[in-house]
Number of protein chains: 2
Amino acid sequence: MSVAKQDVRSLAEAARAASRVLATAPTGQKDEALRLMARHLREAIPAIVAANEVDMAAARASGKGGAFLDRLLLNASRVEAMARAVEEVAGLKDPVGEVTEGWDRPNGLHVSKVRLPLGVVLMIYEARPNVTSDAAALCLKSGNAALLRGGSEAARSNAAIAAALAAGVTEAGLPAACIQPVPPGERETLLELLKLEGLIDLCIPRGGEGLIRFVAENARIPVVKHYKGVCHVYVHAAADLDMATRITLNAKTSRPGVCNAAECLLVDRAVAEAFLPRVARELVAKGVELRGDPATVEVLSRAGVAVTPATEEDWGREFLDLILAVRVVDGLDAALGHIARYGSEHTEAIVTADAAVAGRFTREAQASAVVWNASTRFNDGGELGLGAEIGISTSRLHAFGPMGLRELTSQKYVIHGQGQVR
Amino acid sequence: MSVAKQDVRSLAEAARAASRVLATAPTGQKDEALRLMARHLREAIPAIVAANEVDMAAARASGKGGAFLDRLLLNASRVEAMARAVEEVAGLKDPVGEVTEGWDRPNGLHVSKVRLPLGVVLMIYEARPNVTSDAAALCLKSGNAALLRGGSEAARSNAAIAAALAAGVTEAGLPAACIQPVPPGERETLLELLKLEGLIDLCIPRGGEGLIRFVAENARIPVVKHYKGVCHVYVHAAADLDMATRITLNAKTSRPGVCNAAECLLVDRAVAEAFLPRVARELVAKGVELRGDPATVEVLSRAGVAVTPATEEDWGREFLDLILAVRVVDGLDAALGHIARYGSEHTEAIVTADAAVAGRFTREAQASAVVWNASTRFNDGGELGLGAEIGISTSRLHAFGPMGLRELTSQKYVIHGQGQVR
């Protein structure tokens, strides 16, 4: 299944050519393509599920674990959900051509900024085959040609999905190369892809930190990175403690394996006695292991709640599990200091009734999303109203936080004059 | 003058620490720093000019040419102009904290997007010492710590300028490391800088194509590239030919050595006879050498105007000189085809009275600025009203076209709830 250097370049050149057509395709044609992609996905359910069964058998034979197998698994209802997600993208507003602002110059020139596609987007991802259709739909709607390089374990599933998508694209009269799977191969072919400056405009890696670091370190093309989410919930002295309990529980336990789950609870000393035992009891009841600093251990031990002493490694750690680091802090500055030192600039939340304190927190906490009196779990493209997300950027260049359709575009200046010269 | 690896990393770490302070510095403090930077620049005129004289003598001794020496030269009036430019940045609107949009979610969450600095910006440039103060001012106002690595030929001038700027910064109570010159050294120290992912957020190289390619190929940190400007003026059949003449003359001759100057004139066949001889006579009178395709050569030869046959190398070439490639085309699609093949996505202009044609051109021409009935020379931060520019991006990630203060920021999501959970 490996591909030669030249093949990789040919794929990218085909994508570049297709991107020129797609860049000016009317919204109606793109939406028609998306509806046809969904229809072909549904029609291909037997073929996709059959291909997935082969991938699943190989993964089982190579000893992959349950969580991996669950991410890889496709069945009729999962493919149906993928088709519905593609149709939902058809319903989103087309970002291409949107005039984001306009102004007049003293010499009479009218200047406006207008969105245009980025060009060719390379997605690099691991075992989840639904990324193939999600990313393809978002790229197509935003006028970008997509190169989709999934993990080798999902190769057959991805090929079957991509074939169905391509059938929809061509039926709508768009070039098949708008959506191309890159056959997974050796690292060498990935390295080759990552060097195709001028052919690929953006690389979005999604997966484990190892994959993302490998891409970031080897790419000559721009990469929007999504590193880990070490998210904090800071319960300020003026917090409504019922609300703080609800938010902490939700941020930690509603889905502990995702990047916007909380990994660390910071509690003002003034409310530690009143807040820690009650929130800790509820967390422990949900199966959460608590790792506290000495002050937390003291308060919780006295209250008879199970707690382990935290080590230095527990601060700034992405547990992705039912484990929560807990620290008592002396006010806003100490909380901000902890976050500056240990946070990952992903999501930081404060619970407080004091608007001035919240104002300082939202200004000074450095993160793609800063949340006041709500769960960290809202840092998500769907929850924020972007419609869907292709990733969450934790670096500030180009986009910071959830990336939707608009974040898959750039903007050009359009200058309209009446013969002006300098 | 070379610096060791460790020194380079220490500089970047100091910049990172300073950036944390600067990120939340009030606008008033930043503006005070800018005014003090300008004052210290003026007070340091004798020292700066003396340092520059040493650089100039060394450059002369090493046989540098007149254009290079002119870029390197500082005198009292040039330093005064630098100080005024710094003061002008104090008058621009602070982008940090600007709320760019806000919306409500069905669950009552209020979501807004708020600008924040990028962090640490590395400028890499060549002989012009005024870039030191221009870049420092723009970075400081936008809340970014600046690492300034100028060319070795301007090392003494840049050190003197940076010392004056640092005096202003510290007098305003901000960390001196907000603005740091990187001593120019071997390529190895530059390579080391370009690898400091996590310490440097953005690299902006300004200078020749060789420098920019070196940076782009070796950087592990994000780079906003500014490659060449191969700008076209397309005179459509429905153009006002007086206007087209004026625009062509201005685009080619007002400053032929800059990136937004026109390098190629495309003329619809329908108006070639009426337009080419008149514009060509005026261009030749201004000293422009014309290189035409066969149709252009035929029309101009018949009209008795000097013209050289163009070679394939003349299309897509950045002359940066009083040379203009000229081609007769068969309408809008042919013009767009030529631009797609030979343009550099910098600036493309159309002259036409037909709004529908202009609409298609502005939609379909791929460039950071598309101009209708005005000169290509307006693709400039100052002319477009950005206040000042730190560079012009010719790639679409993060920014496309002139980059002002806003393009030196990112945006974070601020989410305000009343206890919402998922």
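Nothing here was measured: the structure is a model prediction, and the numbers come from that model.

Help me understand the pattern of salt bridges in this model?
Any two side chains of opposite charge can pair, given that their charged atoms come close. Residue and element names in this part refer to chain A. Taken as a whole and assessed by the stated rule, the structure comprises 60 salt bridges over all chains. Glu171 is paired through a salt bridge with Arg39; the nearest N and O atoms lie 4.0 Å apart. One end of the pair, Glu171, is in helix H7 (residues 155-171); the other, Arg39, is in helix H2 (residues 27-43), with 132 residues separating them in the sequence. On the accessibility criterion, Arg39 (45% relative accessible area) is partly exposed.

Looking at this structure, how should I read the confidence of the model for chain A?
Averaged over every residue, the pLDDT of chain A is 95; the share at 70 or more is 99%. Both confidence scores are given for the complex: pTM 0.93, ipTM 0.93.

Help me understand the sheet that holds strand E5 (residues 179-181) of chain A in this model?
In sheet architecture, strand pairing relies on hydrogen bonds along the backbone and comes in two forms, parallel and antiparallel. All names here are of chain A. Taken in spatial order, the four strands of this open sheet run E5-E4-E3-E6, and their pairing is parallel. Strands with a single pairing partner mark the edges of an open sheet, and in this sheet they are E5 and strand E6 (202-205). Across the sheet, the mean angle separating the axes of adjacent strands is 20 degrees when strand polarity is ignored. Sheet analysis places strand E4 (residues 145-149) next to E5, joined by three bridges and oriented parallel. Bridge pairing links Ala146 to Ile179 in E5.

Just checking my understanding: could you explain the domain arrangement of chain A for this structure?
Many analyses report the size of an interface as the accessible area lost when the parts associate. All names here are of chain A. Split into domains, chain A comes out as domain 1 (5-227 + 399-415) and domain 2 (231-383). Here the C-alpha centroids of domain 1 and domain 2 sit 35 Å apart. Facing four residues of domain 1, the contacting portion of domain 2 comprises eight residues. A buried area of about 460 Å², summed over both sides, lies between domain 1 and domain 2, and 63% of it is on carbon and sulfur atoms. Considering only the surface of domain 1 that becomes buried against domain 2, His226, Phe400 and Pro402 emerge as the three largest contributors, covering 77% of it. On the surface where domain 1 and domain 2 come into contact, there are zero salt bridges. Where domain 1 touches domain 2, the interface holds zero residue pairs in polar contact (both at pLDDT 80 or more).

I keep staring at the interface of chain A and chain B and nothing clicks. Help me out?
Taken together, the contacts link 72 residues of chain A with 72 residues of chain B. Summed over both sides, the interface between chain A and chain B buries roughly 6,000 Å², with carbon and sulfur atoms accounting for 52% of that surface. Where chain A meets chain B, there are eight salt bridges. Salt-bridge contacts for B:Arg406 lead to A:Glu101; the nearest nitrogen and oxygen are separated by 2.6 Å. Remark: the boundary between chain A and chain B carries 47 residue pairs in polar contact (both at pLDDT 80 or more). Looking at which element gives the most residues to the side of chain A that touches chain B, the answer is strand E16 (residues 409-420) of chain A, with eleven residues.

Any chance you could explain the sheet that holds strand E13 (residues 369-374) of chain B here in plain terms?
With respect to topology, ten strands assemble into an open sheet ordered E1(A)-E2(A)-E16(A)-E13(B)-E12(B)-E7(B)-E8(B)-E11(B)-E9(B)-E10(B), the strand pairing being mixed. The open sheet is flanked by strand E1 (99-104) of chain A together with strand E10 (308-309) of chain B, the only strands paired with a single partner. Judged from the five bridges that link them, strand E7 (residues 231-235) of chain B and strand E8 (residues 262-268) of chain B form a sheet pairing that is parallel. Note on E8(B): the bridge partner recorded for B:Cys231 is B:Ala262. This element, helix H11 (residues 269-285) of chain B, spans E7, E8, strand E9 (289-292) and strand E11 (323-329) of chain B of the sheet and lies at about 145 degrees to E8(B).

Teacher, can you tell me more about the packing of helix H6 (residues 130-141) of chain A against H7(A) here?
The packing of two helices is summarised by the inter-axis angle and the distance between the axes. Residues and elements named next belong to chain A. Put simply, H6 and H7 touch, their axes get as near as 10 Å, and they point 30 degrees apart. The orientation of H6 with respect to H7, classified from their angle, is roughly parallel. Of the two possible hands of crossing, H6 and H7 adopt the one that is right-handed. Between H6, through Thr132, Ser133, Ala136 and Leu140, and H7, the contact on the second element is made entirely by Asn158, Ile161, Leu165 and Val169. Within the contact of H6 with H7, the residues separate by chemical class into five nonpolar, three polar and no charged.

Can you help me understand the relation of the copies chain A and chain B in this one?
The operation linking the two copies of the chain is a rotation about an axis combined with a translation along the axis. For these two chains of identical sequence, chain A goes onto chain B by a turn of 180 degrees and a shift of 0.0 Å along the axis, with RMSD 0.0 Å. Overall, the copies show the geometry of a two-fold rotation axis. For chain A, the smallest separation between a C-alpha atom and the rotation axis is recorded for A:His398, amounting to 1.8 Å.

Could you clarify how one ought to interpret unusual backbone geometry in this entry?
Trans is the common state for peptide bonds, and a negative phi is the common state for residues other than glycine. A positive phi angle, near 55 degrees, is found at A:Leu320, a position not held by glycine. As for its position among the elements, A:Leu320 is in the loop between strand E10 (308-309) and strand E11 (323-329).

Whenever I open this one, helix H3 (residues 45-61) of chain A confuses me. Can you help?
Three or four residues apart is the spacing at which side chains of an α-helix point the same way, because the helix has 3.6 residues per turn. Residue and element names in this part refer to chain A. End to end, H3 covers 24 Å across 17 residues, agreeing with the expected 24 Å (1.5 Å per residue, within 8%). Every buried residue belonging to H3 is among Ile45, Ile48, Val49, Ala51, Asn52, Asp55, Met56 and Ala59, and all of these are buried. Along the axis of H3, the buried positions cluster into a sector of 160 degrees, meaning they face one direction only. Along H3, exposed side chains directed more than 90 degrees from the buried face belong to Pro46, Glu53 and Ala61. In this fold, the buried residues of H3 make contact with H2, helix H4 (66-72), helix H5 (76-90) and H7. Following H3 by one or two positions, Gly63 adopts a phi angle in the positive range, close to 85 degrees.

Explain the environment of B:Tyr125 to me, please; I cannot follow it from the model alone.
All names here are of chain B. In this fold, Tyr125 is placed in the loop between strand E3 (120-124) and helix H6 (130-141). The exposure class of Tyr125 is buried, given its relative accessible area of 4%. Separated by 80 residues in the primary sequence, Tyr125 and Pro205 have C-alpha atoms spaced 5.9 Å apart.

Any chance you could explain the packing of aromatic side chains here in plain terms?
Aromatic rings in a pair are described by how distant their centres are and how their planes are angled relative to each other. Tallying each qualifying case throughout the model produces two aromatic pairs over all chains. The side chain of A:Arg187 reaches across the aromatic face of A:Phe214, ending 4.1 Å from its centre.

Explain the side chain of A:Ser368 to me, please; I cannot follow it from the model alone.
Mapped onto the secondary structure, A:Ser368 falls in the loop between helix H14 (355-364) and strand E13 (369-374). Among all residues touching A:Ser368, those that are not within four sequence positions of it are A:Glu345, A:His346, A:Asn379, A:Ser393, A:Phe400, A:Gly401, B:Lys412 and B:Tyr413.

Sorry if this is basic, but what is going on with the packing of helix H10 (residues 241-253) of chain A against helix H11 (residues 269-285) of chain A here?
Residues and elements named next belong to chain A. Where H10 meets H11, the closest approach of the two axes is 10 Å, and the angle between their N-to-C directions is 40 degrees. Regarding the angle of H10 to H11, the classification is oblique. As for how H10 packs across H11, the hand of that crossing is right-handed. Residues Leu241, Asp242, Ala244, Thr245, Thr248, Leu249, Lys252 and Thr253 of H10 form the contact with H11, whose participating residues are Val271, Ala274, Phe275, Arg278, Val279, Glu282 and Leu283.

Cut-offs applied
Residues numbered from 1 in each chain as written. Chains lettered and ligands numbered in written order. Predicted model: local features only at pLDDT ≥ 70, side-chain atom pairs only at ≥ 80, totals over all residues. Heavy atoms only, no water. Salt bridge = Lys/Arg side-chain N within 4 Å of Asp/Glu carboxyl O. Helix = DSSP H or I, 4+ residues; strand = E, 2+ residues; numbered from the N terminus. Buried < 20%, exposed > 50% of the residue type's maximum accessible area, 1.4 Å probe, protein only. pLDDT = per-residue confidence, 0-100. Pairing = 2+ DSSP bridges. Axes fitted to C-alpha atoms, helices over the stretch in contact; angles between N-to-C directions. Domains from an automatic or database assignment. Contact = heavy atoms within 4.5 Å. Buried area = accessible area lost by both parts, 1.4 Å probe. Polar contact = N/O pair within 3.5 Å; in protein donor to acceptor, adjacent residues only side chain to side chain. Parallel < 35°, antiparallel > 145°, perpendicular 65-115°, else oblique. Left-handed = near helix turned anticlockwise from the far one by under 90°. Nonpolar A, V, L, I, M, F, W, Y, C, P; charged D, E, K, R; others polar. Least-squares fit on C-alpha atoms with pLDDT ≥ 70 in both. Expected span 1.5 Å × (residues − 1). Arc of directions from axis to C-beta. Phe/Tyr/Trp six-rings, centres within 6.5 Å; stacked < 30°, edge-to-face > 60°. Lys NZ or Arg CZ within 6 Å of the ring centre and 35° of its normal.

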